[in-house]
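Single-letter residue listing:
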Amino acid sequence: MENNKTLAAGQKSFLAQIIPVMLCFFAMGFVDLVGTASNYVQKDLSLTDSQANLFPSLVFFWFLIFSVPTGLLMNRIGRKNTVLVSLAVTLTSLVIPVFADSFTAMLLAFSFLGIGNAIMQTSLNPLVSNLMSSDHLASTLTFGQFVKAIASFLAPILAAWGATTLMPTLGMNWKVLFPIYAAVCTITIAMLGATPIEEEQPDKASSVTDCIRLLGRPFILLCFLGIMCHVGIDVGTNTTAPKILIERLGMTLETAGFATGVYFIFRTAGCFLGSFILRSCSARKFFTVSVVMMLLAMIILFSASSLYLIYAAIAMIGFGNSNIFPVVFAQALNNSPKEKNEVSGLMIMGLFGGTIFPLAMGFASDILGGQAGAIAVMTIGAAYLLLYSARIKK
């Protein structure tokens, strides 16, 4: 009887710790609202594609700046406190659009969103390792990515709901998603702050010099570029999918926003199924099939004018791109097992691809006068990933 009480108490304590951490993964997904929000801001302020794509570019620019310094911050104040800092910065980004919606205000909001997410991406996964044994760490992180995807999926739905229901009469319009996510972020800060989590002594932090030096190794450089292409395609599809429907079918932004939801549905499904497929299939084979699926989808998008054909192509990109990051990340770590901290920091810096791709896609769309330019840029990224697949170890 006493053992049962002890076991029950232990399970209750674990749940009290893991629930706030999973809420942090939900908050991590707020970064994906940038695709939906940038389209609405473009419409409200009459911006060009290149101007609108500056918003997602700003978000991911900060990964280049903050990934390695976050490791130093974790060693100084601990992982949990670093996650709390990231949540506070994220909350700031969500509050700004509630009170101001000028071009400058939105640039500031998306900058804070990117800084907060860069800090969170670097610190949250190590925090989970303080709660889970190594045997269950991977499955827990996978579930965290599933929770993160829920926030990504809800963003276009909340924005469309706010834009088409009673919310505009309250002066919120599509921006209703910001106070909703801000409320969740506030609850997350309170719950995580009140949760005791025991942390081991910090590791030696990587320096910027240590990370950059690794780019001199050919395979690490290939992996770094692979991460950039993966994130570029992810952000690019998130931003461009609704624009394709508007351009080809004349849909309203509120209706076309569901295309982003389609992408996230299939990306989430791909993450879930990929964890099982990779147990029985070689990483190279699965990676190659995934990239070929994306390339076929992009070929379809160049000329498709059917709603369901466009949706099918977007779904194929979502599923194909869902497991690119973990495969490339694992390949990089296995290549340099004695320098995992440095490699990890460098791979997170590779998320900077989310800055380069939207900018290039915006300029290409403006020059060619349509979304075919944006699709062409993403196709170049997918072509690189196909070349990279030949270097993956089985």
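As the structure is a prediction and not an experimental result, all values here were calculated from the model.

Caption draft 1: Quick peek at the overall build of the protein. Regarding its fold elements, the protein presents 18 helices and zero strands. Within the protein, the fraction of its 394 residues that count as buried is 55%. Of the contacts formed within the protein by residues at least 6 apart in sequence, a portion of 81% connects residues at least 24 apart. Surface summary for the protein: the accessible area is close to 16700 Å², and the carbon and sulfur share equals 68%.

Caption draft 2: Summary view of the packing of aromatic side chains. If you walk through the whole model with that rule in mind, you get 13 aromatic pairs. Arranged with centres 5.0 Å apart and planes meeting at 75°, the rings of Phe-61 and Trp-62 form a pair that is edge-to-face. Its relative accessible area of 28% is what places Phe-61 among the partly exposed residues. Between Phe-287 and Tyr-388, the aromatic rings sit 5.7 Å apart at their centres with planes inclined by 55°, giving tilted as the arrangement. With Phe-287 in helix H13 (residues 283-303) and Tyr-388 in helix H18 (residues 372-389), this residue pair connects regions lying 101 residues apart in the sequence. Judged by relative accessible area, which is 1%, Phe-287 ranks as buried.

Caption draft 3: How the structure looks around helix H14 (residues 307-321). Under the 1.5 Å per step criterion, the end-to-end length of H14 is 21 Å for 15 residues, consistent within 8% with the ideal 21 Å. Here H14 has its buried residues at Ile-310, Tyr-311, Ala-313, Ile-314, Ala-315, Ile-317, Gly-318, Phe-319, Gly-320 and Asn-321. Contacts from the buried residues of H14 go to helix H10 (218-249), helix H12 (258-280), H13 and helix H15 (324-335).

Caption draft 4: Main features of the packing of H13 against H18. Relative to each other, H13 and H18 sit at 160°, their axes nearing to 9 Å. Here H18 runs roughly antiparallel to H13, going by the angle between their axes. For the pair H13 and H18, the crossing hand works out as left-handed. On H18, the residues touching Arg-284, Phe-287, Thr-288, Val-291, Val-292, Met-294, Leu-295, Met-298, Leu-301 and Phe-302 of H13 are Ala-372, Ile-375, Ala-376, Met-378, Thr-379, Ala-382, Ala-383, Leu-385, Leu-386, Tyr-388 and Ser-389.

Caption draft 5: Seen up close, H12. With 23 residues, H12 ought to run about 33 Å at 1.5 Å a step, and its terminal C-alpha atoms sit 34 Å apart, in line with that. The largest bend along H12 reaches roughly 35° and is located at Gly-274. Of all the residues in H12, the buried ones are Ala-259, Thr-260, Gly-261, Val-262, Tyr-263, Phe-264, Arg-267, Thr-268, Gly-270 and Gly-274.

Caption draft 6: Layout of the state of the cysteines. Here the structure, examined in full by the defined rule, presents zero disulfides. Cysteine Cys-185 is unpaired, with the sulfur of Cys-24 as its nearest cysteine sulfur at 8.6 Å.

Caption draft 7: Main features of the nonpolar core. Phe-30, Leu-33, Trp-174, Tyr-181 and Met-347 are the most contacted members of the largest nonpolar core, which has 117 residues in total. Contact partners of Phe-30, with chain neighbours within four places excluded, come to Thr-90, Leu-94, Leu-113, Ala-151, Tyr-181, Val-184 and Cys-185.

Caption draft 8: Layout of a nonpolar patch on the surface. On the surface, a nonpolar cluster with roughly 340 Å² of combined accessible area is contributed by Leu-15, Ile-19, Ile-187 and Met-191. Those elements giving two or more residues to the nonpolar patch turn out to be helix H1 (2-28) and helix H8 (177-193). Among the structural elements, Ile-187 can be located in helix H8.

Caption draft 9: Representation of the pattern of salt bridges within the structure. According to the stated counting rule, one finds three salt bridges in the structure shown. Between Asp-101 and Lys-175 there is a salt bridge whose closest N-O contact spans 3.8 Å. With Asp-101 in the loop between helix H5 (79-99) and helix H6 (103-128) and Lys-175 in the loop between helix H7 (134-164) and H8, the pair connects residues that are 74 residues apart, well separated along the chain. The exposure class of Asp-101 is partly exposed, given its relative accessible area of 44%. In this structure, Arg-267 engages Asp-234 in a salt bridge whose closest nitrogen and oxygen atoms are separated by 2.7 Å. In this pair, Arg-267 is assigned in helix H12 and Asp-234 in helix H10, connecting sequence segments 33 residues apart.

Caption draft 10: A look at the packing of H10 against H12. At a minimum axis distance of 8 Å, the contact between H10 and H12 shows a crossing angle of 140°. Comparing their axes, H12 and H10 come out oblique. Residue-level inspection shows Asp-234, Thr-237, Asn-238, Ala-241, Pro-242 and Leu-245 of H10 in contact with H12, the latter providing Ala-259, Thr-260, Tyr-263, Phe-264 and Arg-267. Among the residues making up the contact of H10 with H12, the classes are represented as six nonpolar, three polar and two charged.

Conventions and cut-offs
Each chain has its residues counted from 1, running along the sequence as written. Under the rules for a predicted model, residues below a pLDDT of 70 receive no local features and side-chain atom pairs below 80 are neither given nor counted, while totals for whole chains, interfaces and linings still include all residues. Based on all heavy atoms of the structure, the side-chain values leave hydrogens and waters out of the count. Note on conventions: DSSP H or I runs of at least 4 residues are helices, E runs of at least 2 residues are strands, and numbering of each starts at the N terminus. With a 1.4 Å probe rolled over the protein chains alone, any residue whose accessible area is under 20% of its type maximum counts as buried; one over 50% counts as exposed, and the rest are partly exposed. Any two residues whose heavy atoms approach within 4.5 Å are treated as being in contact. Accessible surface area values rest on a Shrake-Rupley calculation with a 1.4 Å probe, where residue burial reflects the displayed protein chains alone. Note on aromatic pairs: the rings of Phe, Tyr and Trp (six-membered ring only in Trp) are paired at centre separations within 6.5 Å, and the planes decide the class, stacked below 30 degrees, edge-to-face beyond 60, tilted for the rest. Helix span, expected: 1.5 Å multiplied by one less than the number of residues in the helix. Axis definition: a line fit to C-alpha positions, over the contact stretch in the case of helices; interaxial angles, taken between N-to-C directions, run 0 to 180 degrees. If an angle is under 35 degrees, it is roughly parallel; if it is over 145, roughly antiparallel; if it lies from 65 to 115, roughly perpendicular; otherwise it is oblique. By definition, turning the near helix anticlockwise from the far helix through less than a right angle yields a left-handed crossing, and turning it clockwise yields a right-handed one. The seven residues ending at a residue and the seven starting there each receive a fitted axis; the angle between those axes is the bend at that residue. Disulfide assignment relies on a single distance test, namely cysteine sulfur atoms paired within 2.5 Å. Take the buried residues of types Ala, Val, Leu, Ile, Met, Phe, Trp, Tyr and Cys, join any two whose side-chain atoms come within 4.5 Å, and each joined set is a nonpolar core. Like charges within 9 Å and nonpolar side chains (Val, Leu, Ile, Met, Phe, Trp, Tyr) within 5 Å are joined into patches, using only residues over 30% in relative accessible area that form no salt bridge. One speaks of a salt bridge when a side-chain nitrogen belonging to Lys or Arg is within 4 Å of a carboxyl oxygen belonging to Asp or Glu. As a working rule, the residues Ala, Val, Leu, Ile, Met, Phe, Trp, Tyr, Cys and Pro are called nonpolar, Asp, Glu, Lys and Arg charged, and the rest polar, with Gly in that last group.

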